[in-house]
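Tertiary structure, described
Okay, here's what each chain looks like letter by letter:
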Amino acid sequence: MTQDWLPLPGTPVEELDTPAIVIDLDVAEANIAKMQEFASEAGISVRPHTKTNKSPYWAWKQLNAGAIGICCAKVGEAEQMAAAGIPEILIPNQVVTSRKIKRLMSVAGTTETIIAVDSEQNVSDLSDAATSHGVELGVLIEINVGMDRCGVEPDEADAIATKIAKAPGLRFDGLMGYEGHTVAARDFEERKTEALRAMDKLLSAASAVRKAGVPVNIVSAAGTGTYNISGAVEGVTEIQPGSYIFMDGDYLEVFEEFQPAMTVLTTVISRTADRGVLDCGLKSVSIDRGVPYAVGIDGVEVGAPSEEHTKVKLSGVAKDLRVGDNVSLRMMHGDTTINLHDYYFCVRDGKLETVAPIMGRGKFR
Ligand SMILES: Cc1ncc(COP(=O)(O)O)c(C=O)c1O
């Protein structure tokens, strides 16, 4: 497919076609460097969750900065990353059907692959598949550290670890526990208390597994909001944050330790006395955590988007906006908006540097 309609490097931001995800490269790169610097100082590893960026372009930037590998939420995302040569992928999620397990084995045949499990049946199925495909699959037990999503209870870990350690085709690597119920707590002390409680559960499971005579190499945890809480706990070996790379409106309410790098550039397509209409809607911006807000201009009150339109109420200087002018919006939830777009338009000093495809968009199978 020819893509020569894409803008060339050097194109000024205001000449980009809209709606478009615009990333400030300096900001995103600084976020990547900051997370890596924290981990290096703490003596742990970063395995960034690419469910946020869904793009080998960013995964490579994270790896080049020092990450030991990446996480992918789904086999479909992992297939895209493996095809781009990413050398190590953890799927911190369960893959349970024979159709998907087969695809997982193909990924494992091309790149170092680790999967999370939380049932003995799944261990048997993965072992059978790994043996018949002639691959070795790394396995982490997912521990329910309080989120009550997936994961076994801490006192169930030793039995399942023993089973994995004996299972042909599988390599027991360790444990993971995602404290997702704590990562967005606005109050730091609350976040800390709950995250530490979660890490206690994870580490108690790790010590039970070791007592059962099974070595634990990986103890993986944390999201952006708990990177420096869980990541500072003795015994946690790596963190798997995702949102820090771009930050979004929701996470900026948690903390501003990482800077916002992403906006959706839109265009005013209609104007009346105190109203404008932007050319974005539910097909290009997500509102699951609230409607986006305008940045770089005061007096733009964003209303609820419909499919392809977003009405804005204008006051003050914003009344000077004309049809054809740009308005940049910050999403309250970046990941779900990224999943709607084909490309990142990556900008430095107001000019396009590169267009990066969002290979993992829609790859939720
Ligand atoms: C298993 C797992 N690890 C890590 C993360 C990263 O979270 P965040 O985007 O808060 O950094 C998520 C987020 O959904 C997750 O599900």
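Rules behind the numbers
Sequence order sets the numbering: in each chain, residues are counted from 1 along the sequence as written. With pLDDT at 70 or above as the cut-off, local features in this predicted model cover only qualifying residues; side-chain atom pairs require 80 or more to be listed or tallied, and sums for whole chains, interfaces and linings still use all residues. Secondary structure follows DSSP: runs of H or I at least 4 residues long count as helices, runs of E at least 2 residues long count as strands, and numbering of each begins at the N terminus. With C-alpha atoms as the basis for the radius of gyration, the globule rule is written as 2.2 Å multiplied by the number of residues raised to the power 0.38. Exposure in this text rests on C-beta crowding, where 20 or more other C-beta atoms within 10 Å of a residue's own make it buried, 12 or fewer make it exposed, and counts in between make it partly exposed. The C-beta atoms are placed from the backbone. Residue pairs qualify as contacts under a 7 Å threshold applied to their C-beta atoms, which are placed from the backbone. As a rule, any residue with its backbone-derived C-beta atom within 6 Å of a molecule or strand is reported as near that molecule or strand. Under the grouping applied here, Gly and all other residues not named as nonpolar or charged are polar, the nonpolar ones being Ala, Val, Leu, Ile, Met, Phe, Trp, Tyr, Cys and Pro and the charged ones Asp, Glu, Lys and Arg. Following DSSP output, two strands are said to pair if at least two bridges run between them.

Concerning the overall build of the protein chain
For the protein chain, the helix and strand inventory stands at 10 helices and 17 strands. Over its C-alpha atoms the protein chain spans a radius of gyration of 22 Å, differing by no more than 12% from the 21 Å that the globule rule assigns to 365 residues. Each principal axis of the C-alpha atoms in the protein chain carries an extent, and together these give about 70 × 50 × 35 Å. In the protein chain, buried positions account for 48% of the 365 residues. Sequence separation of 24 or more characterises 67% of the internal contacts of the protein chain that already satisfy a separation of 6 or more.

What about unusual backbone geometry?
Residue Thr 18 is joined to Pro 19 through a cis peptide bond whose omega torsion reads 0 degrees. Residue position: Pro 19 is located in the segment before strand E1 (20-24). Of note, Lys 54 is a non-glycine position whose phi angle comes to about 50 degrees, a positive value. Of note, Lys 54 is situated in the loop between strand E2 (45-46) and helix H2 (56-64).

Looking at the site of the ligand
The immediate surroundings of the ligand are formed by 13 residues, with Tyr 178, Gly 223, Thr 224, Gly 242 and Ser 243 found nearest. Here the residues of the shell around the ligand sort into 4 nonpolar, 9 polar and no charged.

Section: the sheet that holds strand E8 (residues 218-221)
One open sheet holds the 8 strands; their spatial order is E2-E9-E8-E7-E6-E5-E4-E3, and the pairing between them is parallel. The open sheet terminates on both sides in strands that have one partner only, identified here as E2 and strand E3 (70-71).

Observations concerning the pairing of strand E15 (residues 326-330)
Within E15, 4 of the 5 residues are buried, which leaves it mostly tucked inside the rest of the structure. Where strand E10 (residues 262-272) lies against E15, 4 bridges are found, and the strand directions are antiparallel. Bridge pairing in E15 links Val 264 to Leu 329.

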